[in-house]
Amino acid sequence: MFLFTSSDAKLADLNQRILPPTAIRDDVVMVGIDDYAIELIGTFPFTRDIYAGCISVMEEMGADSVVFDLSFIDDAKAAVNSDFEPFYPDDVMEAALEKSKITYLNFTFDYYSHIEDYEREIFQEKCAVKNLTAKNDRITKEYTGVQITIPNFLKNAVGAGCVNADPDRDNYYRRVNALVKYDGEYYSHLTFPAVLKKLGNPDVIVENRKITLQNAQTSSGAKNIVIPRGNDGKVILKYPPIQFDDYNYLSIGDIYRVVQLKMYMEEDGEEEYVDEYMNLCTELRKKLPSALCIIGTCATSTSDYGVNQYEAQYPLPGVHYTFANQVLNGDFVGEAPAIVSIIYALFFALLLVYVSFIVKSTSGKIIHGFIVVLLSETLLVVFYRITRIYVGQTVPLISTFLTYVSSIIIGFFMAAKDKKFITNAFSQCLSKEIVNQIVVHPDSFKLGGESIEMSAIFTDIRKFSSFSELLSAAQLVALLNYYLTKMSDIIMAEGGTIDKYEGDAIVALVGAPLKMADHARRAVRAALNMKASEKLMNEEIRSVASKAKPETMSEDLYSAFKLMVINGKEIFTRIGINSGEMIAGYMGSENKKNYTMMGNNVNLASRLEGVNKQYGTFGILVSEETFRQLGDEFICRRLDKVQVVNVNTPLNLYEPLSLASKADAFLVQYASDWEKAMTAFDQADYEGAVQKFKSLSEQNPSDKVALYYVNLLEEFFLRGTYPKKDDDFGVAYNTELKCFKLLNK
């Protein structure tokens, strides 16, 4: 990889801002599954009969194509209609696809999934790009595995495209593969088949540096559309310089509302609903005729978000929308080979050496050097503006800048401002010691989002909704302030940063903005201290509630304590921790900013918090990556290898039990016996394993995890079966991967 790829990518983002903005086309519509739609329909994910109804409405309103950025991989369960009669949503969806002439589905490429021969035939027939010629193409990415949508769906769809869209190394989404290869055939990006249809299905010619759509039928007549490819074979996305909400956007809730109104009018007559129905249809007929419609999730409760150059929390269906909008507009940018940037940098480095030789004074060298630096960058920017071909700017910039610009001078003028900003920005979410270190070393973090090796912590109080039903608003706030203050202080004492509070939940990170080599150990120490503090809090609640109200305590908090004791409520915190590369930075708008984190490793920490419910742990679960960094400082026990919801890669779960320095002989022996039980389970010695787990449960009756394994073994493995999705046990066992798939978040 080229050394400064990430820096050049960010500079390329800035350069795009000087180009004329990409036009927002009327015939490309983002159909969002947003908060309004979920509130209207009631639950998410939607049943597939809902999508079937929306397909019919969009086709009726004149849409040119409907493209699903939603995967239909597994068969749906039977549902019950309003008359309490069973029906199968998949049958409704299949019928809608068979009737529709405009619907496109999706698939996902990987390197390990396999499909049956009959599925392969359907897949190649429906999805392989037709009318394609490859000319010395050596850089198109090739996959060896694929996950396709339900075959009965796929064979009735018009076609399908792949949803693979990987971020760059800094987790920004800048590029997509317009075409990829699999099993000797070319397959296209999600929206490309629908785009090709709008362009009259032109011939596609693939070369290393470009993709040509020959004799494409556009509004201005037939012409060749040339799509430049980057050095990695991908197409560089040119986002509209606006927020996602300002795209040509339509909520799927408005479309499904038409379906609802039709049903209401059939059941109750037209009088009550006809005006709303007619108004909605009028609005849809303005937006949908001849439109390429992309259906994807953008609700705040979903996790399909990433980062692009204009938004720190960007709904990823916008990537597919941008690609379609871009191709139909013929609005592209390209990039020059890396060697061009190196030659250019070498030329200006030699020029700077010459200037340094002929200019004797220090001030003259700095002034003339600055002019050379400015000239080198200006020429590249002008070249990009004219040709739309980006030449890497980082190497020329660094080579000239380091020669003549003194970092000491810049640091002198910026230090005071940086210290004030850092102190104000972090004083409320970091400990004073960490803030002081950042002030001394302001280069220890970057604003705007940086990939950092750190640990994420997610906490949640078990059954907190029952607290909300029991307490008044004022009592609930008082209790939360009491709880969150103690827990937050513990996290900050370990150098952690409070990201946000979500009701009773705490989201925190350790290892940013100040990088820490021991972030995993700090996070787990914080978690164990939180559980110890939780025990003290429960004791304090019982003690205070049994006496008269202390003078220094508010009436709301005291009455909250009383009600908790009367109703047998205790605080029990579930904690999930994961370590790895995450994006952390000061994100938001000019008027509202927040230091936060995002990325797949953040999502995994959130999932681990919820997994505590499945196993009935003492409250803490950490990932294998976190456990690997703990060393001998902690007593932990190993649980299963699992696939958590929305994460395909199996990982081992570990439960920290205590600091090794605080563990008594019983706990040390208990942890050792636990590992023997797990080893017996791993080796399929189920009789031996169940006896060991029963013994552990008898030694420690409060250990619900031991009882969980006893039930798991007796109900399934000892009977020669495995838990499946329909067994309502919360997990399904994957015999190939020898791991459990968690069915609930």
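Whatever comes next refers back to the structure up there.
The notes below deal with the structure included here. Remember, predicted model here, so these are calculated numbers, not experimental data.

## Considerations on helix α22 (residues 665-682)
Between the first and last C-alpha of α22 there are 26 Å, a value that for 18 residues agrees with the 26 Å anticipated at 1.5 Å per step. Of the positions making up α22, those classed as buried are L667, Y670, A671, W674, A677, M678, A680 and F681. Backbone geometry just after α22 places A684 at a positive phi near 65 degrees.

## Overview of the pattern of salt bridges
The full count for this structure, using the stated rule, is 35 salt bridges. Salt-bridge contacts for R637 lead to E655; the nearest nitrogen and oxygen are separated by 2.8 Å. Of this pair, R637 sits in strand β29 (residues 634-643) while E655 sits in strand β30 (residues 651-659); the two residues are 18 residues apart in sequence, bridging distant segments of the chain. On the accessibility criterion, R637 (2% relative accessible area) is buried.

## Considerations on the pairing of strand β26 (residues 573-588)
Judged by how many residues are buried, β26 sits mostly within the fold: 13 of 16 residues are covered. With twelve bridges connecting them, strand β23 (residues 450-461) and β26 associate as antiparallel partners. Within β26, the position partnered with I461 by the bridge is T573.

## Digging into the packing of helix α23 (residues 686-699) against helix α24 (residues 704-715)
Angle between the axes and distance between the axes are the two parameters that describe a pair of packed helices. For the pair α23 and α24, the least separation of the axes is 8 Å and the interaxial angle reads 150 degrees. Between α23 and α24, the angle falls in the class roughly antiparallel. In the crossing of α23 with α24, the sense of the turn from one axis to the other is left-handed. Contacts from Y686, A689, V690, F693, K694, L696 and S697 of α23 reach α24 at A706, L707, Y709, V710, L713 and E714.

## Structural notes on the packing of aromatic side chains
Here the structure, examined in full by the defined rule, presents 50 aromatic pairs. Seen in terms of ring centroids, Y708 and Y709 are 5.5 Å apart; in terms of plane orientation they differ by 85 degrees. Their pairing is edge-to-face. The same class applies to Y708 and to Y709, which are both buried. Ring centres 5.4 Å apart and planes at 80 degrees place the aromatic pair F717 and Y733 in the edge-to-face group. Placement of the pair is F717 in the loop between α24 and β31 (731-734) and Y733 in strand β31, with a sequence separation of 16 residues. For the pair F717 and Y733, one class covers both residues: buried.

## Quick look at the nonpolar core
Counting residues in each nonpolar core, the largest one holds 62 residues, and the members touching the most others are M58, F68, F107, F109 and F123. Contact partners of F123, with chain neighbours within four places excluded, come to F107, F109, I115, A128, V146, I148, L154, Y182 and Y187. In terms of nonpolar packing, the next biggest core, distinct from the first, is built from 48 residues, A526, F561, I575 and C636 among them.

## Some details on the sheet that holds strand β13 (residues 203-206)
Across the sheet, which stays open at both edges, the four strands sit in the order β6-β13-β14-β15 with mixed pairing between neighbours. Unpaired on one side and paired on the other, β6 (132-134) and β15 (221-228) mark the two borders of the sheet. Taking the axes of each pair of neighbouring strands and ignoring which way they run, one obtains an average angle of 20 degrees across the sheet. Here strand β14 (residues 210-218) runs beside β15; their pairing, made up of seven bridges, is antiparallel. Looking across to β15, one finds that K210 is bridged to P228.

## Describing a negative patch on the surface
A cluster of acidic side chains, namely E266, E267, D268, E271 and E272, defines a negative patch on the protein surface. Within the fold, E266 resides in helix α8 (residues 252-268).

## Re the sheet that holds strand β11 (residues 179-182)
With mixed pairing, the three strands of this open sheet are ordered in space as β7-β11-β12. Looking along the sheet, the strands with just one partner apiece sit at the ends: β7 (142-143) and β12 (185-188). Here four bridges tie β11 to β12, and the two strands are oriented antiparallel to one another. Bridging across to β12, L179 finds its partner in S188. Those strands touched by helix α5 (residues 117-127) are β11 and β12, and its axis lies near 65 degrees from that of β12.

## Focus on helix α20 (residues 600-615)
In this model α20 runs 23 Å from its N-terminal to its C-terminal C-alpha over 16 residues, within 8% of the 22 Å that 1.5 Å per residue would give. At E609, α20 shows its maximal kink, close to 30 degrees. When we look at burial in α20, the residues that qualify are V602, L604, A605, R607, L608, E609, G610, V611, N612, Q614 and Y615.

Parameters and conventions
- Just so you know, the residues in each chain are numbered from 1, in the order the chain's sequence is written.
- Since the coordinates come from a predicted model, pLDDT governs what is reported: local features require at least 70, and pairs of side-chain atoms require 80 or more to be given and counted, while whole-chain, interface and lining totals use all residues.
- The basis for the side-chain values is all heavy atoms of the structure; hydrogens and waters are excluded.
- To qualify as a helix, a DSSP run of H or I must reach at least 4 residues; to qualify as a strand, a run of E must reach at least 2; elements of each kind are numbered from the N terminus.
- A helix is expected to span 1.5 Å multiplied by its residue count minus one.
- Residue exposure (1.4 Å probe, protein chains only): buried if accessible area is under 20% of the type maximum, exposed if over 50%, otherwise partly exposed.
- Any carboxyl oxygen of Asp or Glu that lies within 4 Å of a side-chain nitrogen of Lys or Arg is treated as forming a salt bridge with it.
- When DSSP finds two or more bridges between two strands, those strands count as paired.
- Axis definition: a line fit to C-alpha positions, over the contact stretch in the case of helices; interaxial angles, taken between N-to-C directions, run 0 to 180 degrees.
- Angular relationships are summarised with four words: roughly parallel below 35 degrees, roughly antiparallel beyond 145, roughly perpendicular across 65 to 115, and oblique for the angles in between.
- Note on convention: the crossing is left-handed when the near helix lies turned anticlockwise from the far helix by less than a right angle, right-handed when the turn is clockwise.
- Whether two residues touch is decided by their heavy atoms; if any such pair falls within 4.5 Å, the residues are in contact.
- The criterion for an aromatic pair is that two Phe, Tyr or Trp rings (for Trp, the six-membered ring) have centres within 6.5 Å, with stacked assigned to planes under 30 degrees apart, edge-to-face to planes over 60 apart and tilted to the rest.
- Remark: nonpolar core denotes a set of buried residues (Ala, Val, Leu, Ile, Met, Phe, Trp, Tyr, Cys) joined through side-chain atoms within 4.5 Å.
- A patch consists of residues exposed above 30% relative accessible area that lack any salt bridge, with like charges linked at up to 9 Å and nonpolar side chains (Val, Leu, Ile, Met, Phe, Trp, Tyr) linked at up to 5 Å.
- Accessible areas in this description were obtained via Shrake-Rupley with a 1.4 Å probe; residue shielding takes into account the shown protein chains only.
- His residues and chain termini do not enter the charge count, which takes Lys and Arg as positive and Asp and Glu as negative.
- Here the site of a charge means atom NZ of a Lys, CZ of an Arg, CG of an Asp or CD of a Glu.
- Fitting one axis to the seven residues ending at a residue and another to the seven starting there, the bend at that residue is the angle between the two axes.

Remember, this is a structural readout, not a statement about activity or role.
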